[in-house]
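Descriptive analysis of the structure
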Amino acid sequence: MNESDRIVLDIITLLYPEWIEKQKNRYKGMEAYDQYKRIILDVFGYDIERVSSEQERNADTSYLERKIEIMKSIRKLQESEKKKNRKKK
């Protein structure tokens with residue numbers, strides 16, 4: 001859930017507390033987290049556990065990949081310098 005969705009949920013909670021209570025009563029017997037998760041699914045169509053697991057799988061690794069490429073390039077440069085120094089001797 002993004003920031004704007006959280007804001008909308010906060011607004012719904014402030015403007016429609018009776019509706020939120022009805023939703024909680026509708027899902028009686030569930031723990032608070034499960035109630036919240038169910039309300040989010042009903043209002044926004046988000047399964048927050050599915051979305052969070054997808055976000056974990058799609059973690060941005062581009063920074064690490066760039067760093068690895070830079071390290072490889074540095075290593076190649078060092079080896080190239082060593083070869084040049086050997087040829088000079």
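Residues numbered from 1 in each chain as written. Predicted model: local features only at pLDDT ≥ 70, side-chain atom pairs only at ≥ 80, totals over all residues. Heavy atoms only, no water.

1. With respect to the overall build of the protein
Counting its secondary structure elements, the protein contains five helices and zero strands. Listing the helices and strands of the protein from first to last along the sequence gives α-α-α-α-α. Counting the 89 residues in the protein, one finds 15% classified as buried. A sequence separation of at least 24 residues applies to 35% of the contacts in the protein between residues at least 6 apart. Surface summary for the protein: the accessible area is close to 7,800 Å², and the carbon and sulfur share equals 53%. (Helix = DSSP H or I, 4+ residues; strand = E, 2+ residues; numbered from the N terminus. Buried < 20%, exposed > 50% of the residue type's maximum accessible area, 1.4 Å probe, protein only. Contact = heavy atoms within 4.5 Å. Areas by Shrake-Rupley, 256 points an atom, 1.4 Å probe, with all protein chains shown as cover.)

2. Focus on helix α1 (residues 3–15)
With 13 residues, α1 should cover 18 Å at 1.5 Å per step; its first-to-last C-alpha distance of 18 Å lies within 8% of that length. All of the buried residues in α1 are Asp5, Leu9 and Ile12. Mapping the buried residues of α1 onto a view down its axis gives an arc of 60 degrees, with all of them on the same face. Within α1, the exposed residues directed more than 90 degrees away from the buried face are Leu14 and Leu15. Those residues of α1 hidden inside the fold are in contact with α2 (17–26) and α3 (32–44). (Expected span 1.5 Å × (residues − 1). Arc of directions from axis to C-beta.)

3. Digging into the confidence of the model for the protein
Model confidence for the protein is summarised by a mean pLDDT of 78, while 90% of its residues fall at 70 or above. Per-element averaging of pLDDT across the protein places helix α4 (residues 48–57) at the bottom with 70 and helix α5 (residues 62–88) at the top with 84. (pLDDT = per-residue confidence, 0-100.)

4. Considerations on α3
Across its 13 residues, α3 extends 18 Å between first and last C-alpha, which sits within 8% of the 18 Å expected from 1.5 Å per residue. Buried within α3 we find Gln35, Lys37, Ile39 and Ile40. The positive-phi residue at the C-terminal boundary of α3 is Gly45, with phi of around 75 degrees.

5. Looking at a positive patch on the surface
Where like charges cluster on the molecular surface, the positive patch consists of Lys82, Lys83, Arg86 and Lys87. Structurally, Lys82 can be placed in helix α5. (Patch = residues over 30% accessible without salt bridge, like charges linked within 9 Å, V, L, I, M, F, W, Y side chains within 5 Å. Salt bridge = Lys/Arg side-chain N within 4 Å of Asp/Glu carboxyl O. Lys, Arg positive; Asp, Glu negative; His and termini not counted. Charge placed at Lys NZ, Arg CZ, Asp CG, Glu CD.)

6. A word on the packing of α1 against α3
Direction vectors running N to C along α1 and α3 enclose 105 degrees, while the axes themselves pass 12 Å from each other. In terms of orientation, α1 and α3 fall into the roughly perpendicular class. Contacts between α1 and α3 pair Asp5, Val8, Leu9 and Ile12 from the former with Tyr36, Ile40, Val43 and Phe44 from the latter. (Axes fitted to C-alpha atoms, helices over the stretch in contact; angles between N-to-C directions. Parallel < 35°, antiparallel > 145°, perpendicular 65-115°, else oblique.)

7. Notes on the pattern of salt bridges
Under the counting rule described, the total for this entry stands at three salt bridges. For the salt bridge of Lys72 with Glu69, the shortest nitrogen-to-oxygen distance reads 4.0 Å. Of the two residues, Lys72 and Glu69 are both situated in helix α5; the distance of three residues between them amounts to about one turn of the helix. For Glu79, the salt bridge goes to Arg75, with nearest N and O atoms at 3.5 Å. Here Glu79 and its partner Arg75 are both found in helix α5, four residues apart, which amounts to about one turn of the helix. We classify Arg75 as partly exposed; its relative accessible area is 43%.

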